[in-house]
Amino acid sequence: GSTRFAPDNRNAIFPAVALGWKINEEGFLRDSKVVSQLKLRLGWGVTGQQGLEGAYDYMGRYTYGNNFAMYPFGSNYYITIRPEGYNADLRWEETTTWNAGLDYAFLNDRIYGSVDYYYRKTTDLLSYVAIPAGSNLSNMITRNVGDLVNKGIEFSINGKIISKPTMYWELGLNATFNSNEITSLYDGAQIPTGGIAGGVGNEIQVHAVGQPRNTFYVYEQVYDNAGMPVEGMYVDRNGDGEITVADKYFYKDPNADLYLGISSNFSYQDWSFSFAGRANFGGYVYNNVQSENGNYNRLYRSEGPYLSNITSDVSETNFNVAQVFSDYYVQEASFFRMDNITLSYMFKDLLKNR
């Protein structure tokens, strides 16, 4: 139960079950010289989420004003109180997960790892969203906005390549393939998100049905014969003869398709060497530094006045004013990062037992 919801929606049940079968203990594998572990796992469960914008968003309430918001009545001034927006129908956000996995080990655990498939559906997503003017006491409100599906495969393999008294080397690799899709939103809405600099109230991403979360929502840039972007020229995608908001389109998303991790641990006598790294592939990022500062209009700042730094890509675009909604600034964000590398030596009797 959670007091962040009205009494009628306050309590919920979140069951779960997990089953495992140690296949290697069955008669047909018990004496295997190759398979040392083989376990099948199946799981299903539901979890709840109550992370609301405010603790009392379901409740009608009033907030006192301050000394700058007083109402004159005759010769006296009175502090005002204002009604806050609320939603009495708030419900738990629920995530249901199905998963199937296989743990394996071969050659007396010299090679081991796991494979997992998961399907995760979240319903009644909680979000703080804009609502039509006049429909409530506020222009923003917390509500249950829709459903989201995540699914993917996780794989890991580790190998003890060398295992001797004076030398040891273990190498590990893991990979995750993941995709997500918004399957429903209230009233068929599109929810803008991803605020950016370079204007007032501009948002570069959107949540929309049939798209991954935080998909970029931009104009399709037109390029000249030399492959350079043409300032202010975009594709008229709906063919109405003019460029309007209706010509924006869904283009890429920041969520990586593939996540990789690698680790190694090697030791020889008193020396040891280890490293760990990770990589993301298939994700995209919006380059707001370039979109805001990659134009000649940012060079002279009248508020100083002074000359300002602008980004070097202006030599490629030759933009005079910012084109913040161009898909030119949605750029690939794949990377590999070595998080740590360690080389060490263990000194024996360095202080002679003192």
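Above: the structure in question.
Residues numbered from 1 in each chain as written. Predicted model: local features only at pLDDT ≥ 70, side-chain atom pairs only at ≥ 80, totals over all residues. Heavy atoms only, no water.

**Student:** Honestly, the sheet that holds strand S15 (residues 215-218) in this entry has me stumped. Any pointers?
**Tutor:** Picture the strands of a sheet paired through backbone hydrogen bonds; they go either parallel or antiparallel. Taken together, the four strands give an open sheet; going across it, the order is S13-S14-S15-S18, and neighbouring strands pair in antiparallel fashion. The open sheet has two edge strands with one neighbour each: strand S13 (191-195) and strand S18 (249-250). In this structure, S13 lies alongside strand S14 (residues 203-207), joined through four bridges in antiparallel fashion. Considered in S14, the bridge of threonine 193 is made with glutamine 205. (Pairing = 2+ DSSP bridges. Helix = DSSP H or I, 4+ residues; strand = E, 2+ residues; numbered from the N terminus.)

**Student:** Help me understand the sheet that holds strand S7 (residues 93-106), please; the structure alone is not making it clear to me.
**Tutor:** Taken in spatial order, the nine strands of this open sheet run S1-S2-S7-S8-S11-S12-S19-S20-S25, and their pairing is antiparallel. In this open sheet, the two strands that pair with only one neighbour each are strand S1 (16-22) and strand S25 (335-345). Neighbour-to-neighbour, the strand axes of the sheet open up by a mean angle of 10°, direction not taken into account. Inspection of the sheet shows strand S2 (residues 35-49) paired to S7 by 14 bridges, in the antiparallel sense. When the bridges of S7 are listed, leucine 40 appears paired with leucine 102. (Axes fitted to C-alpha atoms, helices over the stretch in contact; angles between N-to-C directions.)

**Student:** I tried to follow the nonpolar core on my own but got confused; where do I start?
**Tutor:** General note: in soluble globular proteins, nonpolar side chains tend to be found buried as a group. Counting 15 residues, the largest nonpolar core has Ile204, Phe216, Tyr286 and Val330 as the members making the most contacts within it. Broken down by secondary-structure element, the contributors of at least two residues to this core are S15 and strand S21 (284-286). By size, the runner-up hydrophobic cluster in this structure holds nine residues, among which are Leu125, Val129, Val145 and Tyr186. (Core = buried A, V, L, I, M, F, W, Y, C linked by side-chain atoms within 4.5 Å. Buried < 20%, exposed > 50% of the residue type's maximum accessible area, 1.4 Å probe, protein only.)

Just distances and angles here, no functional claims.
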